[in-house]
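One-letter residues, chain by chain:
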Amino acid sequence: MGRPALEVADIFRVHGPAWRQAQHAHLSLGQLKVMSAIEQCRSAALGGHVLRCDACAQIAIAYNSCRNRHCPKCQARAARRWLEARQADLLPLDYYHVVFTLPAPISAIAYYNKAVIYDLLFEVAAETLRTIAADPKHLGAQIGVTLVLHTWGSALTHHPHVHGIVPGGGLAPDGTRWVACKPGFFLPVRVLSRLFRRRFLEELHQAHRSGRLQFFGEFVGLADARAFAAWLAPLREVEWVVYAKRPFAGPAAVLAYLSRYTHRVAISNQRLLALDARGVTFRWKDYRAARTTRHKTMTLSVDEFMRRFLLHVLPGGFHRIRHYGLLANAGRREHLARARELLHVVPAATESHPLEAPAANIAPTFVCPHCGAAMIIIEIFARGEPIRAPPALRVAA
């Protein structure tokens, strides 16, 4: 696939240095690292290698990736690896998609308390799903859930929410049978919303009492316990958005969905349209508009575009994909084996170890763009070294 006409890296390379200098007092170390990684990605600054095609002898130069999880160019391969690992976890039943969204006031303070509030979003959403599912009035079973954090809206605004992928059923409390959901229905959305609201506000209040929240600018007054309690009060009365979509069309559709969502960043290069004197123009989807007019274009100043992009840099070491219940890492293999047994699913044949697989079946890492044959590495150059001319082909004496 060819390179997009415009990339986020192009914007940062052209306008990043001046903006970084002007905003040096307002950018975190994490944001500076992301800017640097994106600017250097697939460039000589990170080194690379010279390739030669086995078939047509074409020579090409490939630069190394930054592998930063916020880089739009570095997520496709990571997503493929993750999906291949998750294929073995799929069960032959309906899967449901649920979304838990934080109200705008909490999103505003979440920007200054990312680790604390994003953690609460994960934990309370998972707890809500498992608690309601375990209630005999609803499902009465232990379920598994995979949650993926997104912190952006389509216009790059700060909009923290988690997408949940949940199998349509679970293990009975005693583990002796599989309890399936009603066809086309997982759990009542209103019940999920009310419990999510109550538990999140309880945990947020506890985080404030324990001194784990920080407040700046217009929110500095919320450091006072009484002011914070008064600020929370209206949030107990409004509806919190918990959304449940219809079940996916089989396990294959689940993988197709995950491939688009698990390793997504704030904006893909494919959505960028232009960089000119007006700023950055990109496509976005207005979910409040009618379906026929949802797809629109937006132009932001370059400074505002970079500011919005960097709103979504996550704290170091923060995991944005997490598994709970039956899918938690600690007992996933045993739980899934038990589920397959109760669902009468014949286990797939054990695959041969990758090291034992025939070499002919292994896809080449580098493919020639001219003839499609495999390319081999004939030279490696380190970070920052100037690229020399491709080595001359040796002729046998």
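Everything here concerns the structure above.
A quick note: this is a predicted structure, and the numbers were derived from the prediction, not measured.

Draft legend 1. Seen up close, the packing of aromatic side chains. The tally for this structure, following the rule as stated, stands at 13 aromatic pairs. Consider the rings of Phe 12 and Phe 309, whose centres lie 5.7 Å apart with planes at 75°: the pair is edge-to-face. Of the two residues, Phe 12 sits in helix 1 (residues 8-22) while Phe 309 sits in helix 9 (residues 302-310), which places them 297 residues apart along the sequence. Each member of the pair Phe 12 and Phe 309 is classed as buried. With 5.6 Å between their ring centres and 80° between their planes, Phe 196 and Trp 240 make a pair best called edge-to-face. A residue pair is termed long-range when its members are at least 10 positions apart, and Phe 196 in helix 6 (residues 189-209) and Trp 240 in the loop between helix 7 (225-232) and strand 8 (242-245) qualify at 44 residues. Under the relative-accessibility criterion, Phe 196 is labelled buried at 0%. For Trp 240, a relative accessible area of 3% translates into the label buried. Among the aromatic residues, those joined into a cluster by ring pairs are Phe 100, Phe 196, Phe 200 and Trp 240. Between the NZ or CZ atom of Arg 322 and the centre of the ring of Phe 318, over which it lies, the distance is 4.7 Å.

Criteria and cut-off values
Residues numbered from 1 in each chain as written. Predicted model: local features only at pLDDT ≥ 70, side-chain atom pairs only at ≥ 80, totals over all residues. Heavy atoms only, no water. Phe/Tyr/Trp six-rings, centres within 6.5 Å; stacked < 30°, edge-to-face > 60°. Helix = DSSP H or I, 4+ residues; strand = E, 2+ residues; numbered from the N terminus. Buried < 20%, exposed > 50% of the residue type's maximum accessible area, 1.4 Å probe, protein only. Lys NZ or Arg CZ within 6 Å of the ring centre and 35° of its normal.

Keep in mind these numbers describe shape, not what the thing actually does.
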